[in-house]
Amino acid sequence: MGAKKRIGILTSGGDCAGLNPVIRAVVHHAIETYDWTVVGIREATHGLMSRPPRTIEFEINQVDSLLLMGGTILGTTNKGDPFAFPMSDGTLLDRSSEIIEGYHNLGLNALIGIGGDGSLAILRRLAQQGGINLVGIPKTIDNDVGATEVSIGFDTATNIATEALDRLHFTAASHNRVMILEVMGRDAGHIALAAGIAGGADIILIPEIPYNIANVCRKIRQRQERGKHFCLVMVSEAVRTELGDQLTQIKELGEDRLGGIGKYIAEQIALKTGAETRVTVLGHIQRGGIPSPVDRLLGSAFGVAAVDLIAQEKYDQMVAWQNRQIVSVPIAEAIKTYRTVDPEGTLVKTARGLGICLGD
Ligand code: F6P
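Cut-offs applied
Residues numbered from 1 in each chain as written. Predicted model: local features only at pLDDT ≥ 70, side-chain atom pairs only at ≥ 80, totals over all residues. Heavy atoms only, no water. Near = heavy atom within 4 Å. Polar contact = N/O pair within 3.5 Å; in protein donor to acceptor, adjacent residues only side chain to side chain. Areas by Shrake-Rupley, 256 points an atom, 1.4 Å probe, with all protein chains shown as cover. Axes fitted to C-alpha atoms, helices over the stretch in contact; angles between N-to-C directions. Helix = DSSP H or I, 4+ residues; strand = E, 2+ residues; numbered from the N terminus. Parallel < 35°, antiparallel > 145°, perpendicular 65-115°, else oblique. Left-handed = near helix turned anticlockwise from the far one by under 90°. Contact = heavy atoms within 4.5 Å. Nonpolar A, V, L, I, M, F, W, Y, C, P; charged D, E, K, R; others polar. Pairing = 2+ DSSP bridges. Expected span 1.5 Å × (residues − 1). Buried < 20%, exposed > 50% of the residue type's maximum accessible area, 1.4 Å probe, protein only. Domains from an automatic or database assignment. Buried area = accessible area lost by both parts, 1.4 Å probe. Salt bridge = Lys/Arg side-chain N within 4 Å of Asp/Glu carboxyl O. Core = buried A, V, L, I, M, F, W, Y, C linked by side-chain atoms within 4.5 Å.

Draft legend 1. Geometry of the site of the ligand. For the ligand, the full set of nearby residues is N78, I141, D142, M184, G185, R186, E237, R257, H284 and R287. Within the contact set of the ligand, an oxygen atom lies 3.2 Å away from a backbone nitrogen or oxygen of G185. Separating an oxygen atom of the ligand from a side-chain N or O atom of E237 is a distance of 2.6 Å. Calculation on the ligand without its partners gives an accessible area of 400 Å², and the protein chains cover 83% of this total.

Laid out in structure tokens, this is it:
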């Protein structure tokens, strides 16, 4: 065993279920296997900007119930790029050197950054600029991080979206309604496609496959001709209107938040088929709740593997899930390509084989 290390861990970007199981695994493995010190950094890089840095030095008994807890006990943020940080007077300031200084002031030998593609890109830039020994762990309900088949949070979000569709099924059937469920996913349709298939959607619209509202309406009429007067429509938040407009609902710090396409699709269906429609926007429900067993397993495996990478002093790497095992890949490779749904991939073929209308 090498020299005793002092490692930092932070969660960055939007929260999701499974982050706390990662923290638990890192603390257990680092302390019990290697006898290291684990310093939790609060609220992503913001904790490193504060003076003194906002941290918690973990003891093993502090992570007891983390397997079951949603969110992140460290706190997180998906706002405020440290290279152009929005200040209270409206100006943007490069605060990267403060974060780097905060890391070194804590006497850390390495940092585990749990984040999506945006956070991992920022952390890598900080690491390169400031000599931070970084290991990344992919998390995001959107499942859009490159070089890994799955990220923490996706399974729980998919379970929640599937359950929502299950619940809509019977009320849709009782009232002969077309129920539209709008789910998150940013520019990738992974949640919509997976939960749509698992929940028996009749129509699934994802940003990767351009749709035509006439095809959507045809599917609804076909079902009606077969005596099925209700329909379940799953739509991913980044799907555009037929005219190509991206719908957003909130603008914060110059960043748009997607939302509203479900309402648009419902209006179009009502207009063109006369069907009674209702819209459910699942929203942040998908990010909350108890981590699924898969996310607990993945979080535990990623946490242990990240600590082992630090033990081997293999930095600038991200742990990833490929071909039923954990591997490590350069962070640069993971953030190079945004992982969207493959329109020729297995799940799309499955959906088509089941007669699900994808709008094309
Ligand atoms: O990236 C995760 C995600 O939940 C997206 O699916 C969604 O578009 C976005 O974050 C919502 O962001 P916020 O939490 O800032 O509303």
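The rest of the description comes next.
Draft legend 2. Representation of the packing of helix α1 (residues 19–33) against helix α9 (residues 293–311) in the model. Close contact between α1 and α9 brings their axes to 7 Å; oriented N to C, the two are set at 40°. Here α9 runs oblique to α1, going by the angle between their axes. Here α1 and α9 pass one another in a crossing that is right-handed. Contacts between α1 and α9 involve P21, V22, A25, V26, H29 and A30 from the former and R296, G299, S300, G303, V304, V307 and D308 from the latter. When its residues are assigned to classes, the contact of α1 with α9 shows seven nonpolar, four polar and two charged.

Draft legend 3. Focus on the packing of helix α6 (residues 190–198) against helix α11 (residues 346–353). Viewed as axis vectors pointing N to C, α6 and α11 meet at an angle of 40°, and their least axial separation amounts to 10 Å. By the angle between their axes, α6 is oblique relative to α11. In the crossing of α6 with α11, the sense of the turn from one axis to the other is left-handed. Facing L193, A194 and I197 of α6, the residues of α11 in contact are L347, V348, T350 and A351. Looking at the contact of α6 with α11 residue by residue, the class counts come to six nonpolar, one polar and no charged.

Draft legend 4. Region of the structure containing the sheet that holds strand β7 (residues 134–138). Pairing within the open sheet is mixed, and its seven strands lie in the order β3-β2-β1-β6-β7-β14-β15. Unpaired on one side and paired on the other, β3 (55–57) and β15 (325–330) mark the two borders of the sheet. For this sheet, the mean angle separating the axes of adjacent strands, direction not counted, is 25°. Here strand β1 (residues 6–11) pairs with strand β2 (residues 37–41) via four bridges, running parallel. Paired with G8 across the bridge in β2 is V39. Contacting β1, β2, β6 (110–115) and β7, α1 runs over the sheet at an angle of about 175° to β1.

Draft legend 5. Main features of unusual backbone geometry. Residue P52 is bonded to the preceding R51 through a cis peptide linkage, with omega at -5°. Of note, E313 is a non-glycine position whose phi angle comes to about 55°, a positive value. Structurally, E313 can be placed in the loop between α9 and β14 (317–322). Of note in this structure, D316 is not a glycine but carries a positive phi near 60°.

Draft legend 6. How the structure looks around helix α4 (residues 117–130). If you check α4, its first and last C-alpha atoms are 20 Å apart, about what 14 residues at 1.5 Å a residue would give, namely 20 Å. Within the span of α4, buried status applies to D117, S119, L120, L123, R124, L126, A127 and G130. In this structure, the buried side of α4 is in contact with β1, α3 (96–105), β6, β7, β14 and α10 (331–336).

Draft legend 7. Geometry of the domain arrangement of the protein chain. Domains assigned within the protein chain are domain 1 (6–152 + 291–322) and domain 2 (155–288 + 343–353). Here domain 1 and domain 2 have C-alpha centroids that lie 33 Å from each other. Across the boundary between the two partners, domain 1 contributes 16 residues, which contact 17 residues of domain 2. Three residues, K79, I141 and D142, lead the burial of domain 1 against domain 2; their summed loss comes to 39% of the area buried on that side. Where domain 1 meets domain 2, there are four salt bridges. Its salt-bridge partner being R186, residue D142 comes within 3.6 Å of it at the nearest N-O pair. Classifying every residue of the side of domain 1 that touches domain 2 gives six nonpolar, four polar and six charged.

Draft legend 8. Inspection of the environment of P207 at higher detail. With respect to the helices and strands, the residue P207 is situated in the loop between β9 (203–205) and α7 (213–225). Among the residues examined, P207 registers a relative accessible area of 29% and is labelled partly exposed. Residues P207 and D187, spaced 20 residues apart in sequence, show a C-alpha to C-alpha distance of 6.5 Å. Every residue in contact with P207, bar those within four places of it in the chain, is listed here: R186, D187, A188, G189, S236, A238 and V239.

Draft legend 9. The environment of D360, seen in detail. With respect to the helices and strands, the residue D360 is situated in the segment after α11. In this structure D360 comes out as partly exposed when scored by relative accessible area, which is 48%. Each C-alpha atom, one on D360 and one on N212, is 6.0 Å from the other, the two residues being 148 residues apart in sequence. When near neighbours in sequence (up to four residues on either side) are disregarded, D360 contacts I209, P210, Y211, N215 and R352.

Draft legend 10. Structural view of the nonpolar core. Grouped together as the largest cluster of nonpolar side chains are 65 residues, with contacts concentrated most on I7, I9, F58, I112, I137, I204 and M234. Ranked by residue count, the leading element in this core is helix α5 (residues 154–175), at eight residues. There are two domains that each give this core at least three residues, and those are domain 1 (6–152 + 291–322) and domain 2 (155–288 + 343–353). For I7, the residues in contact, after removing those within four places along its chain, are V26, A30, W36, T37, V38, V39, L108, A110, I112 and I310. One finds V39, L106, L120 and L134 within the second-largest nonpolar core, a separate group that totals 25 residues.

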